[in-house]
Amino acid sequence: MVKITLPAPFTQGPLGQPPLTNQGIACSDQSFFGGAYDFRMRDFNVINTVPRLHTELLDGWKLLVKKIAPNALHNSSARYDAPKCDEHTRVELISELLARIGNRDNPQRLLCMTGAAGEGKSALQQTIAEHCEKSGTLGSAYFFSNGDPTRNTTSTVVPTIAFQFGLHNRDLKEAISAVVAHDPVIFERSLQTQMDRLLVRPMKNLGGCERPDIAALPHIILIDGLDECQGEDRQVELLAAIRQCLVTTELRFSIFIASRPEWAIRTALQPGGYLRDVAYHIRLNDYYASGDMRRFLRTRFEQLSLRTNNPHWFTEDNIQTLVRAGSGQFIYVSTVYRWISEPRASPAERLKTVLTCTPHEGQTARPYEALNELYTNILLNAENAYEAVDTHFGRDFLLLLKIHHINVVDGFPIPPSPSCKFPKDRFTDLLGLGDESVEILISDLHSLVSIEKDTKVYLRILHKSFSDFLNTESRAKDLFVPPSRVYTHMAKSCLLHILRSPGSDFLSDAIYHLPRFWASGGVLVEIDDELIDFTQKGGWGKIDSAYPSWKGGYYLVLEQLDVLTEGVKKRNPEVVEVMRTYFEKWKRECDDFYAEFERNREAERQF
């Protein structure tokens with residue numbers, strides 16, 4: 001028997017995947033005896049092996065891919081309808097931005113652009129990203145989003161940037177893969193360490209080899225929405241790492257960061273700040289956008305004229321009024337357009353509605369005033385349409401919207417998780433609503449939110465300013481829903497599911513989450529009537545028969561029972577004593593359950 005061992009071919013795999021085979025060796029048509037004929041061989045086996053180094057590189061790249069945030073890419077499916085600048089708008093500013101980041105020899109290789117909510121930062125970044133991609137200069141892009149848990153922290157920033165650079169050059173890809181294979185916990189190290197080992201060192205080594213010139217690699221790094229990254233300390237760490245690793249190195253990166261002027265970047269750019277001397281700072285409010293806003297509305301309104309068959313449904317004065325109301329906030333005019341252009345609406349009628357709540361000639365439009373009025377008007381129209389449907393009788397539109405908003409944006413601080421987000425189907429079950437309830441709820445809000453396929457982040461807030469509006473009482477005014485109402489509604493829903501058992505499919509979750517909504521939200525939950533009714537109907541007895549671990553959270557209630565049941569105690573003290581008896585019993589059961597669990601685990605270790 002003849003055995004022949006060959007190294008595995010190693011060619012570039014699909015986009016985003018590690019190299020799989022050796023270049024220069026064809027996989028499908030290998031031949032050992034080209035042109036030979038008239039001979040026989042017996043027991044001929046070919047053993048195709050993958051060298052250890054190649055396997056390690058494969059493993060390293062696969063591990064890197066698991067740590068990236070695909071949604072943060074400028075062309076990700078999660079950002080399929082990302083805002084960008086219309087043609088013929090922001091022309092001078094875009095030219096200035098491209099000129100600054102396109103010049104590798106610019107002594108200030110860090111460009112920071114700050115601006116208030118709605119001034120068009122993300123639209124500019126998206127436009128710049130697409131320009132750079134076409135010119136072949138885009139090394140990487142990362143778009144933060146406060147409402148997306150995969151891209152609202154710094155943990156995925158460096159892996160995602162390294163991943164994109166690795167796609168541009170095979171040797172660099174292998175070098176990055178080797179780092180991860182050698183140190184699989186690299187992603188748990190500081191951002192500066194990650195940036196140095198996954199980007200700087202591989203690129204320096206690449207430049208020192210007899211391989212393609214490193215200057216031929218794309219050099220532009222874009223980071224949008226730094227303010228939407230959770231934790232000011234993490235924002236500071238990222239900025240410091242960028243300064244130390246990317247700005248002051250001989251590698252000629254160009255970094256463009258866009259953010260609201262929040263504390264982390266504001267203090268870094270002010271006199272004496274650690275970025276002051278190395279960054280060029282653009283303040284968007286210095287580039288008044290009224291002309292671009294006017295062109296945007298005129299172009300879009302003219303397009304709507306084709307749908308209405310009426311070229312006279314708007315006037316130049318209407319456009320001027322809207323631009324003046326926007327006070328330089330592009331989000332205002334873009335939201336106006338989205339709302340006016342919804343298919344079920346009459347553009348002319350909706351334009352009249354918007355114009356009635358905008359400042360008139362001679363009045364000063366304060367920042368956010370017109371945007372607040374616009375959001376208020378859209379919500380009121382959606383609320384009226386929703387609650388006018390017979391099947392929605394008794395449902396509170398604003399309360400349900402706020403509940404879903406908390407679930408997909410911030411999450412509920414339910415121990416042990418500081419931000420618990422329920423999947424869509426389980427959440428609608430808990431609320432006692434149907435499968436299509438979310439779609440129905442936002443059917444008149446598509447100018448502000450959109451439905452996503454992700455089961456957890458199933459709603460996408462189109463602009464953070466809308467989240468700010470919902471969370472700020474001084475802006476939302478009568479439309480503001482306080483957290484206490486949200487937690488009260490959630491606790492009531494849990495009580496209702498338990499009483500319906502065993503018919504409720506949500507029994508275990510209702511038992512588990514009731515004490516957490518009731519006692520750990522940090523707000524006053526008013527369910528006195530429901531607690532009395534629940535006790536009198538034997539609700540606690542139903543919980544008593546449940547699995548011990550489901551009842552572990554009731555110690556939260558027991559510790560605060562006197563405060564939580566102050567109103568109930570005045571009306572019906574016997575109810576409070578019934579609850580206390582059950583809660584103390586469940587605490588003992590849970591203590592015994594977990595003690596037995598630990599004993600069994602220790603016995604298994606010894607065995």
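Just so it is clear, the structure is predicted and the values come from calculations on it, not from any experiment.

Cut-offs used in this document
Residues numbered from 1 in each chain as written. Predicted model: local features only at pLDDT ≥ 70, side-chain atom pairs only at ≥ 80, totals over all residues. Heavy atoms only, no water. Helix = DSSP H or I, 4+ residues; strand = E, 2+ residues; numbered from the N terminus. Buried < 20%, exposed > 50% of the residue type's maximum accessible area, 1.4 Å probe, protein only. Contact = heavy atoms within 4.5 Å. Areas by Shrake-Rupley, 256 points an atom, 1.4 Å probe, with all protein chains shown as cover. Core = buried A, V, L, I, M, F, W, Y, C linked by side-chain atoms within 4.5 Å. Axes fitted to C-alpha atoms, helices over the stretch in contact; angles between N-to-C directions. Parallel < 35°, antiparallel > 145°, perpendicular 65-115°, else oblique. pLDDT = per-residue confidence, 0-100. Expected span 1.5 Å × (residues − 1). Phe/Tyr/Trp six-rings, centres within 6.5 Å; stacked < 30°, edge-to-face > 60°. Lys NZ or Arg CZ within 6 Å of the ring centre and 35° of its normal. Pairing = 2+ DSSP bridges. Right-handed = clockwise from strand over helix to strand, strands pointing away. Left-handed = near helix turned anticlockwise from the far one by under 90°. Nonpolar A, V, L, I, M, F, W, Y, C, P; charged D, E, K, R; others polar. Polar contact = N/O pair within 3.5 Å; in protein donor to acceptor, adjacent residues only side chain to side chain.

Caption draft 1: Region of the structure containing the overall build of the chain. The number of helices and strands found in the chain is 26 helices and nine strands. Across the 607 residues that make up the chain, the buried fraction comes to 49%. Within the chain, residue pairs in contact and separated by at least 24 positions form 73% of the contacts whose partners lie at least 6 positions apart. Carbon together with sulfur atoms contributes 50% to the accessible area of the chain, which is approximately 29,700 Å² in total.

Caption draft 2: Highlighting the nonpolar core. Ranked by internal contacts, the top residues of the largest apolar core, which has 98 residues, are Phe 301 and Trp 540. With nine residues, the single largest contributor to this core is helix H14 (residues 397-410). Residues in contact with Trp 540, not counting those within four places in the same chain, are Leu 514, Trp 518, Leu 531, Phe 534, Thr 535, Tyr 554, Val 578, Met 579, Tyr 582, Phe 583 and Trp 586.

Caption draft 3: Broad picture of the packing of helix H11 (residues 330-340) against helix H12 (residues 347-356). Between H11 and H12, the least distance of the axes is 9 Å, while the angle of their chain directions is 140°. Accordingly, the angle class assigned to the pair H11 and H12 is oblique. In this structure, H11 contributes Tyr 332, Val 336, Trp 339 and Ile 340 to the contact, and H12 contributes Pro 347, Arg 350, Leu 351, Thr 353 and Val 354.

Caption draft 4: Highlighting H11. Most of H11 sits out of view: ten of its eleven residues are buried. Three or more residues of H11 are buried, namely Phe 330, Ile 331, Tyr 332, Val 333, Ser 334, Thr 335, Val 336, Tyr 337, Trp 339 and Ile 340. Against helix H9 (290-308), helix H10 (316-326), H12, helix H13 (369-387) and helix H17 (464-471) lie the buried residues of H11.

Caption draft 5: Geometry of the confidence of the model for the chain. Mean pLDDT over the chain: 84, with 86% of residues reaching 70 or higher. Taken together, the stretch residues 1-30 has pLDDT below 50 and engages in 76 contacts with residues farther than four places along the chain or on a different chain.

Caption draft 6: Representation of H9 in the model. The end-to-end C-alpha distance of H9 is 26 Å, a good match for the 27 Å that 19 residues give at a rise of 1.5 Å each. What H9 keeps buried is the set Ser 290, Gly 291, Asp 292, Met 293, Phe 296, Leu 297, Phe 301, Leu 304 and Ser 305. Structurally, H9 contributes buried residues whose contacts are with H10, H11 and H12. Of the residues flanking the end of H9, it is Asn 309, one or two places downstream, whose phi is positive at about 55°.

Caption draft 7: Layout of the packing of aromatic side chains. Across all of its chains, the model carries 28 aromatic pairs by this definition. Between the aromatic rings of Tyr 375 and Phe 466, the centroid separation amounts to 5.2 Å while the plane-to-plane angle is 65°, which identifies the pairing as edge-to-face. Of the two residues, Tyr 375 sits in helix H13 while Phe 466 sits in helix H17, which places them 91 residues apart along the sequence. Here Tyr 375 matches Phe 466 in class, with each residue buried. Ring geometry for Phe 593 versus Tyr 594: centroids 5.1 Å apart, planes at 80°, classification edge-to-face. Taken together, the aromatic side chains of Trp 518, Phe 534, Trp 540, Tyr 554, Tyr 582, Phe 583 and Trp 586 make up a single cluster linked through ring pairs. A cation over a ring is seen here: Lys 173 above Trp 61, with NZ or CZ 5.0 Å from the ring centre. For Arg 516, the ring lying beneath its charged end belongs to Tyr 512, and the centroid distance is 3.8 Å.

Caption draft 8: Summary view of the environment of Arg 475. Its place among the elements puts Arg 475 in helix H18 (residues 473-476). Separated by 104 residues in sequence, Arg 475 and Leu 371 place their C-alpha atoms 9.5 Å apart.

Caption draft 9: The arrangement of the sheet that holds strand S3 (residues 110-114) in detail. Spatial ordering of the open sheet is given by S4-S5-S6-S3-S7, a layout of five strands whose pairing is parallel. Looking at strand neighbours, the two that pair on one side only are strand S4 (138-143) and strand S7 (279-283), the edges of this open sheet. If you compare each strand with its neighbour and ignore which way they point, the axes differ by 15° on average. Pairing between S3 and strand S6 (residues 254-259): five bridges, direction parallel. Bridge pairing in S6 links Leu 110 to Ile 255. Its contacts with the sheet put helix H7 (residues 232-247) on S3, strand S5 (220-224) and S6, and the angle it makes with S6 is roughly 165°.

Caption draft 10: The arrangement of the pairing of S6 in detail. Counting buried residues along S6, six of its six residues qualify, which places the element largely inside the surrounding structure. A two-sided burial pattern is seen for S6, the buried positions comprising Ser 254, Phe 256 and Ala 258 on one face and Ile 255, Ile 257 and Ser 259 on the other. With H7 bridging S5 and the parallel S6, this β-α-β connection has right-handed handedness.

Caption draft 11: Molecular detail of the packing of H10 against H11. Where H10 contacts H11, the two axes come as close as 8 Å, and the packing angle between them is 135°. Here H11 runs oblique to H10, going by the angle between their axes. Where H10 crosses over H11, the handedness of that crossing is right-handed. Along the contact surface, H10 presents Leu 322, Ala 325 and Gly 326, while H11 presents Tyr 332, Val 333 and Val 336. Among the residues forming the contact of H10 with H11, the class breakdown is five nonpolar, one polar and no charged.

Caption draft 12: Inspection of the side chain of Thr 154 at higher detail. You can see Thr 154 is positioned in the loop between S4 and helix H4 (157-168). A polar contact is formed between the side chain of Thr 154 and the side chain of Arg 234, at a distance of 3.2 Å. Dropping the residues within four chain positions of it, Thr 154 is found in contact with Leu 191, Cys 229, Arg 234 and Leu 238.

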